[in-house]
Amino acid sequence: LIQPRLSSVRLIRRFLATRTSINASASSSQTTTGTNANTNTPFYGEPRAPSTGTSFLQRLALATHSATTAFADPTRADAVAALGEVTGHVALTQIYDRMMSDATGQRILRDQPLVNNSTINMEDLFQQLKRARENNKSELTF
């Protein structure tokens, strides 16, 4: 079963939902198979509860092994994925905390804006990038 890609905001919210509502997910999973009685349940199903089967030392060993394997051979997708699984929790927590500490980040998490080619003027963005390169600036303004 192929799951659709999630936006960063959805990924953070999904991560936090699994982290904070493990007990709530057990009570909300009372639906019968094949039906979607809970309207808050995403179409891809309930997020899995975090695994408690690995200790900190095991995760550290797995992260070290996966990182060295991924750096030695970046085409090893299994090593890259394992590294992301083990270390993603820390990164997502830091991203969420930084977004919550900023007014713009809070607005993005609250509103969940859709960003695609129809919502961004690509020609204007390319012009700003060209001007920034000409002026030797590293920041773009929108």
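Every value quoted in this text rests on a predicted model; they were computed, and no experiment measured them.

Draft legend 1. Region of interest: the packing of helix H4 (residues 77–100) against helix H5 (residues 103–111). Two numbers describe how H4 lies on H5: the axes approach to 6 Å, and their chain directions differ by 110 degrees. On the basis of the axis angle, H4 is roughly perpendicular to H5. Here H4 contributes Tyr-96, Met-99 and Met-100 to the contact with H5, which in turn contributes Gly-105, Gln-106, Ile-108 and Leu-109. When its residues are assigned to classes, the contact of H4 with H5 shows five nonpolar, two polar and no charged.

Draft legend 2. Summary view of unusual backbone geometry. Even without being a glycine, Gln-112 presents a positive backbone phi close to 50 degrees. Inspection of the secondary structure assignment puts Gln-112 in the loop between H5 and helix H6 (122–134). Of the residues examined, Gln-112 reaches a relative accessible area of 35% and is grouped as partly exposed.

Draft legend 3. Main features of a nonpolar patch on the surface. Together, Val-115, Ile-120, Met-122, Phe-126 and Leu-129 give the surface a local cluster of nonpolar side chains, amounting to about 410 Å² of exposed area. Relative to the assigned elements, Val-115 resides in the loop between H5 and H6. For Val-115, a relative accessible area of 57% puts it in the exposed group.

Draft legend 4. Here's a closer look at the pattern of salt bridges. This structure, assessed with the given rule, holds two salt bridges. Here Asp-78 makes a salt bridge to Arg-76, at a shortest N to O gap of 2.9 Å. Its salt-bridge partner being Asp-111, residue Arg-110 comes within 3.3 Å of it at the nearest N-O pair. The exposure class of Arg-110 is exposed, given its relative accessible area of 57%.

Rules and cut-offs
- Residues numbered from 1 in each chain as written.
- Predicted model: local features only at pLDDT ≥ 70, side-chain atom pairs only at ≥ 80, totals over all residues.
- Heavy atoms only, no water.
- Axes fitted to C-alpha atoms, helices over the stretch in contact; angles between N-to-C directions.
- Helix = DSSP H or I, 4+ residues; strand = E, 2+ residues; numbered from the N terminus.
- Parallel < 35°, antiparallel > 145°, perpendicular 65-115°, else oblique.
- Contact = heavy atoms within 4.5 Å.
- Nonpolar A, V, L, I, M, F, W, Y, C, P; charged D, E, K, R; others polar.
- Buried < 20%, exposed > 50% of the residue type's maximum accessible area, 1.4 Å probe, protein only.
- Patch = residues over 30% accessible without salt bridge, like charges linked within 9 Å, V, L, I, M, F, W, Y side chains within 5 Å.
- Areas by Shrake-Rupley, 256 points an atom, 1.4 Å probe, with all protein chains shown as cover.
- Salt bridge = Lys/Arg side-chain N within 4 Å of Asp/Glu carboxyl O.

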